[in-house]
Amino acid sequence: WCIRLCRSCNDSRSNLMYTYYISVGSNIGNRRQFIMSAYDSLSIHPQVHGITSSSVMETEPWGYTEQDVFLNAVWRVSSSLEPHDLLDVLQSLECEAQRKRDIHWGPRTLDLDIVYALSDDGACMYINDARLVIPHPYFWDRLFVLEPLLELDKEFTYNGESIGDRIQTLKK
């Protein structure tokens, strides 16, 4: 069973609105259904105020490559949830999909990672603790994140480099 731990989920005092980019992946079972169920559940969360998905793309595994191909997407989420509280919600959705963490970068029913976040004033958020690292340390090196992210934000830049230029560099 899964417990949804979220300190601020019932706290309506927060007027801050964050923008999160969430990398989504699945390569076990009914991949599309796992992704759609998580999307539907997140979209009705009372502190999620908008969610937009890129196309769902089939991609080769990254890191540990001895596994089936993935379906990947990126979601842009507007939410008043604090980053660690959103992480709790995402991990609960993974648990509901019976996610197992047996092999690092291994097969999974559902993988939901906060790869990038913007504060209420539009600034990039930086978090680095035992539970959460934002920006995700590998997001700028993964085409399965950058190509769907490009669909959501063609003007996205990171460390002074445009997403279009980064994708071209990685494809060389």
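Each value, and the rule that gives it
- Residues numbered from 1 in each chain as written.
- Predicted model: local features only at pLDDT ≥ 70, side-chain atom pairs only at ≥ 80, totals over all residues.
- Heavy atoms only, no water.
- Helix = DSSP H or I, 4+ residues; strand = E, 2+ residues; numbered from the N terminus.
- Buried < 20%, exposed > 50% of the residue type's maximum accessible area, 1.4 Å probe, protein only.
- Contact = heavy atoms within 4.5 Å.
- Areas by Shrake-Rupley, 256 points an atom, 1.4 Å probe, with all protein chains shown as cover.
- Expected span 1.5 Å × (residues − 1).
- Arc of directions from axis to C-beta.
- Pairing = 2+ DSSP bridges.
- Core = buried A, V, L, I, M, F, W, Y, C linked by side-chain atoms within 4.5 Å.

Topic: the overall build of the chain
Within the chain, the secondary structure is distributed over four helices and nine strands. In the chain, the succession of helices and strands from N to C terminus is β-α-β-β-β-α-β-β-β-α-β-β-α. In the chain, which comprises 172 residues, the proportion classed as buried is 47%. Residue pairs at least 24 apart in sequence account for 69% of intrachain contacts in the chain once pairs closer than 6 positions are excluded. A total accessible area of about 9100 Å² is found for the chain, and carbon and sulfur atoms account for 49% of it.

Some words on helix α1 (residues 31-43)
For α1, spanning 13 residues, the distance from its first C-alpha to its last is 18 Å, which sits close to the expected 18 Å at 1.5 Å a residue. Within α1, the full set of buried residues consists of Ile-35, Ala-38 and Leu-42. For α1, the arc enclosing every buried residue in end-on projection is 65°, short of the 170-degree limit, so these residues lie on one face.

Remarks on the pairing of strand β4 (residues 70-79)
Summarising burial for β4: eight of the ten residues are buried, a large majority. In this structure, strand β1 (residues 18-26) lies alongside β4, joined through nine bridges in antiparallel fashion. Note on β4: the bridge partner recorded for Tyr-18 is Ser-79. Sheet analysis places strand β2 (residues 48-53) next to β4, joined by five bridges and oriented antiparallel.

Notes on the environment of Ile-28
Assignment of secondary structure puts Ile-28 in the loop between β1 and α1. Note on Ile-28: relative accessible area 34%, which makes it partly exposed. Note: C-alpha distance between Ile-28 and Thr-109 (81 residues apart in sequence) is 4.8 Å. Excluding residues within four positions of it along the chain, Ile-28 makes contact with Phe-34, Pro-107, Arg-108 and Thr-109.

Description of the nonpolar core
Counting residues in hydrophobic clusters, the biggest one holds 27 residues, and the most contacted among them are Ile-22, Leu-42, Trp-75 and Leu-112. At the level of secondary structure, the elements contributing two or more residues to this core comprise β1, α1, β2, β4, α2 (83-96) and β5 (111-118). The leading source of residues in this core is α2, at five residues. What Ile-22 contacts, discounting residues up to four positions off in sequence, is Leu-42, Ala-73, Val-74, Trp-75, Val-77, Leu-86, Leu-90, Leu-112, Asp-113 and Ile-114. Core analysis: the next-biggest nonpolar cluster, separate from the first, contains 17 residues, Tyr-21, Val-74, Ile-163 and Ile-167 among them.

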